Amino acid sequence: MPTDLWRFAEALYQDPEVEQACLQLQTQGADVCLLLCAAWLETRQVACNDDRITALRDVTQSWRQQVVVPLRQLRQSWRNSAQSDQALAALREQVKKLELEAEREQLQRLARCTHSWPDGAANAALNWLERLAPEPGCRDALHRLRIAATTP
């Protein structure tokens, strides 16, 4: 797996099971970029603690709410109408590209936040995914994400 967060997320999301798990988690209120970062931190064996969880949430919360979510909602709201309107379909594709760029920026912000956190913490808590998931009821999706991230 790549060491750069964006490339890691891109490679991981190529797996259809990961894509399905991420979409499932997203419908449950999860921030998928935050969970992809969590998987990345686990693969790097970066120790998980309360201060780091808070730092990641602080870095991502306003960007997600002000930029990513509105773009996603606009794109999704145009889904049905765009099927019969070529001009709207083209605009929807542009919004989709903007949404992807916004997610890339969010991942870059998360990577910058974690830049000084050391890798390879022996015997450290590595429960990033569980700590950053919206609720404990999404264990299967988190498990699929973790397995895909740790399988070469």
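Please read these numbers as outputs of a predicted model, since none were measured by experiment. (Residues numbered from 1 in each chain as written. Predicted model: local features only at pLDDT ≥ 70, side-chain atom pairs only at ≥ 80, totals over all residues. Heavy atoms only, no water.)

Any chance you could explain the packing of helix H3 (residues 32-43) against helix H8 (residues 139-150) here in plain terms?
The axes of two packed helices give the description: the angle between them and the distance between them. At a minimum axis separation of 10 Å, H3 and H8 run at an interaxial angle of 45°. Between H3 and H8, the interaxial angle falls into the category oblique. Pair H3 / H8 crosses with right-handed handedness. Between H3 and H8, the contacting residues are Leu35, Leu36, Ala39, Glu42 and Thr43 on the first element and Leu142, Leu145, Arg146, Ala149 and Thr150 on the second. Looking at side-chain class alone, the contact of H3 with H8 contains 6 nonpolar, 2 polar and 2 charged residues. (Axes fitted to C-alpha atoms, helices over the stretch in contact; angles between N-to-C directions. Helix = DSSP H or I, 4+ residues; strand = E, 2+ residues; numbered from the N terminus. Parallel < 35°, antiparallel > 145°, perpendicular 65-115°, else oblique. Left-handed = near helix turned anticlockwise from the far one by under 90°. Contact = heavy atoms within 4.5 Å. Nonpolar A, V, L, I, M, F, W, Y, C, P; charged D, E, K, R; others polar.)

Any chance you could explain the confidence of the model for the chain here in plain terms?
Parts of the prediction with low pLDDT should not have their coordinates interpreted in detail. Of the residues in the chain, 97% reach a pLDDT of 70 or more, and the chain-wide mean stands at 92. Within the chain, helix H6 (residues 86-114) carries the highest mean pLDDT (97), whereas H8 carries the lowest (90). (pLDDT = per-residue confidence, 0-100.)

How do you make sense of H8 when you look at a structure like this?
Residue pairs three or four apart in sequence face the same way in an α-helix, which turns once every 3.6 residues. Across its 12 residues, H8 extends 16 Å between first and last C-alpha, which sits within 8% of the 16 Å expected from 1.5 Å per residue. Regarding H8, the residues found buried are Ala141, Leu142, Leu145, Ala148 and Ala149. Summarising the axial view, the buried residues of H8 lie within an arc of 130°, below the 170-degree limit, and thus occupy one face. Exposed side of H8, more than 90 degrees from the buried face: Arg139 and Asp140 are the residues found there. Where H8 is buried, its residues touch helix H1 (5-13), helix H2 (16-27), H3 and helix H7 (128-132). (Expected span 1.5 Å × (residues − 1). Buried < 20%, exposed > 50% of the residue type's maximum accessible area, 1.4 Å probe, protein only. Arc of directions from axis to C-beta.)

Which parts of the structure should I look at to understand helix H4 (residues 50-77)?
In the structure, H4 departs most strongly from a straight axis at arginine 64, where the bend amounts to approximately 55°. When H4 is considered as a whole, its buried residues turn out to be Arg52, Ile53, Leu56, Thr60, Trp63, Arg64, Val68, Val69, Leu71, Arg72 and Arg75. Packing partners of the buried residues in H4 comprise H2, H3, helix H5 (79-82), H6 and H7. Capping the start of H4 is the job of one residue whose side-chain oxygen sits 3.1 Å from the backbone nitrogen of aspartate 51: asparagine 49. (Bend = angle between axes of the 7 residues up to and from the residue. Polar contact = N/O pair within 3.5 Å; in protein donor to acceptor, adjacent residues only side chain to side chain.)

Would you mind going over the environment of valine 68 with me for this structure?
Summarising the element assignment, valine 68 is placed in helix H4. Setting aside anything within four residues of it in sequence, one finds valine 68 in contact with Trp63, Ala102, Glu103 and Gln106.

What is the right way to look at the side chain of arginine 72 in this model?
Positionally, arginine 72 belongs in helix H4. Excluding its chain neighbours within four sequence positions, the residues that come into contact with arginine 72 are Gln26, Glu99 and Glu103.

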